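Listed below, chain by chain, are the residues.
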Amino acid sequence: MGLLKNIEWMSPNKSTIVYKLDLKNDYVSKGSVLTVREGQNAIFCHKGKMADVFLPGFYKLDTNSIPILTKLMSWKYGFENPFKSDIYFVNTHQFTNFKWGTVNPILVRDKDFGAVQVRGFGTYSFKVDDPYIFMQELSGAHSTFSTSEITDYLRSKAVMCVTTAIGESKVPVLDLAGNLMALAEMVEKYMRPEFKKLGIALTKLIFENFSLPDEIQKAINKRTIMTMERETLDVHMAHAQADALKTAAGNPGAGTMMGPMMGVGMGMGMGNMMGNMMGRQMQGMAGGNMGGGPQKVPCPKCGAQINAGAKFCPECGQATGEVCPKCKAPVKSGAKFCPECGTSLQASCPKCGKGVPAGTKFCPECGEKI
């Protein structure tokens, strides 16, 4: 029977979270000592039940140092005889730079593009904060337990919290890249309680990038190119107009200025035409209508909106201009005869002989009734 004199774990593998001491034929005696280094905790376990937890330090094993184990083993008179117990060392150092990523895209509602699928990527760091809870929740009966055996589980927790945070943030898709730190803080708020249930502390979470579906990325790129082309065209037109004006200023005389001024007018007209074409194209991409329908004017009688140039209001039948007193056809202001029936549109005052428009009831000069 071998008696353990100094119980310790040198922790040669930095990725190992839990290490079970291999006792084989060794026993723990009253004279044994326990050394727990910085970044470690030691746990004694009896028949699958977690007992005493030891923080970093040097311990002489006796009844006072292992009270829970003493109670579990029913030592009525204290710790006197050698015994066997499962002894675990838990690595409490910080484990860093573990990757997380959304295996399936996250569906978010965006005001510009509607329902959009996005993917997120980043890293996280953690450490064992409560070895007792951690051993109860995750360790099982393994002799060793490495980070690779729990990272998949922790990653699923991270993705769940990322999905919840993005859904609640309402951040537009185009603004996600500018809000990575704020989103990381939101995700940490959801992840910390989930990790704490496992005896683990989340020390850091980082968003590295978001990716969008190809069709959304192409639409964004196309919109950017169109905007750049419009700005470039405006600059070119401004330069062309400035050059034309400069040329015109250098040519004295009205006659000699006709050519340059015509060039200016043509340049400005071409610029306006190209600008309008580009504007309609940009507006069409946004789903608007620059459409140029007929101009509307109000009816002089009922106020209904009617097409400019219409002769009669379609709502009340009111003529929109002067009309012939006989056939009611529209006539131009100041016309002497109706172009439809030939009726004279002017009359003369029987008293003063002043010519007045047909249909006038009183002479504007002498007041005589017509």
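That block above? That's the structure.
Now for a look at the structure at hand. (Residues numbered from 1 in each chain as written. Predicted model: local features only at pLDDT ≥ 70, side-chain atom pairs only at ≥ 80, totals over all residues. Heavy atoms only, no water.)

## A closer look at the side chain of Q40
- The residue Q40 is located in strand β4 (residues 40-46) in this model.
- Here W9 takes part through its backbone oxygen, which lies 2.8 Å from a polar atom of the side chain of Q40.
- The residues touching Q40, leaving out its near neighbours within four places in the chain, are W9, S11, P56, F89, V90 and T92. (Helix = DSSP H or I, 4+ residues; strand = E, 2+ residues; numbered from the N terminus. Polar contact = N/O pair within 3.5 Å; in protein donor to acceptor, adjacent residues only side chain to side chain. Contact = heavy atoms within 4.5 Å.)

## Some points on the pattern of salt bridges
- By the definition in use, this model includes six salt bridges.
- For E194, the salt bridge identified is with K197, shortest N-O distance 3.7 Å.
- We classify K197 as exposed; its relative accessible area is 54%.
- Put simply, K157, E194 and K197 are held in one network by salt bridges that share partners. (Salt bridge = Lys/Arg side-chain N within 4 Å of Asp/Glu carboxyl O. Buried < 20%, exposed > 50% of the residue type's maximum accessible area, 1.4 Å probe, protein only.)

## Points about helix α4 (residues 180-196)
- A rise of 1.5 Å per residue sets the reference length of α4, with its 17 residues, at 24 Å; its end C-alpha atoms lie 24 Å apart and thus fit the reference within 8%.
- At Y190, α4 is deflected by roughly 30 degrees, the largest bend along its length, and proline P193 occurs up to four residues later in sequence.
- Along α4, the residues that are buried comprise L180, L183, A184, V187, E188, M191, E194 and F195.
- Contacts from the buried residues of α4 go to β10 (114-128), α3 (151-169) and β12 (200-211). (Expected span 1.5 Å × (residues − 1). Bend = angle between axes of the 7 residues up to and from the residue.)

## Observations concerning unusual backbone geometry
- Although it is not a glycine, N97 adopts a positive phi angle of roughly 60 degrees.
- Within the element layout of this structure, N97 appears in strand β8 (residues 95-101).

## Looking at the packing of aromatic side chains
- Taken as a whole, this structure holds 10 aromatic pairs when the rule is applied.
- With a centroid separation of 6.5 Å and an interplanar angle of 80 degrees, the aromatic rings of Y124 and F195 are classed as edge-to-face. You can see Y124 sitting in strand β10 and its partner F195 sitting in helix α4, a full 71 residues away along the chain. Each of the two residues, Y124 as well as F195, counts as buried.
- Joined through ring pairs, the aromatic side chains of F95, F98, Y124, F126 and F195 make up one cluster. (Phe/Tyr/Trp six-rings, centres within 6.5 Å; stacked < 30°, edge-to-face > 60°.)

## Looking at the environment of N13
- Position of N13 relative to the elements: it lies in the loop between β1 (2-7) and β2 (16-20).
- A sequence separation of 133 residues divides N13 from S146, and the C-alpha atoms of the two residues are 9.1 Å apart.

## Points about the nonpolar core
- Within the largest apolar cluster, 40 residues are counted, with the highest numbers of intra-cluster contacts made by F126, L205 and F207.
- Leaving out residues up to four positions away in the same chain, F207 has contacts with W100, F121, V162, L180, L183, A184 and V187.
- In terms of nonpolar packing, the next biggest core, distinct from the first, is built from 17 residues, L34, V36, I66 and L69 among them. (Core = buried A, V, L, I, M, F, W, Y, C linked by side-chain atoms within 4.5 Å.)

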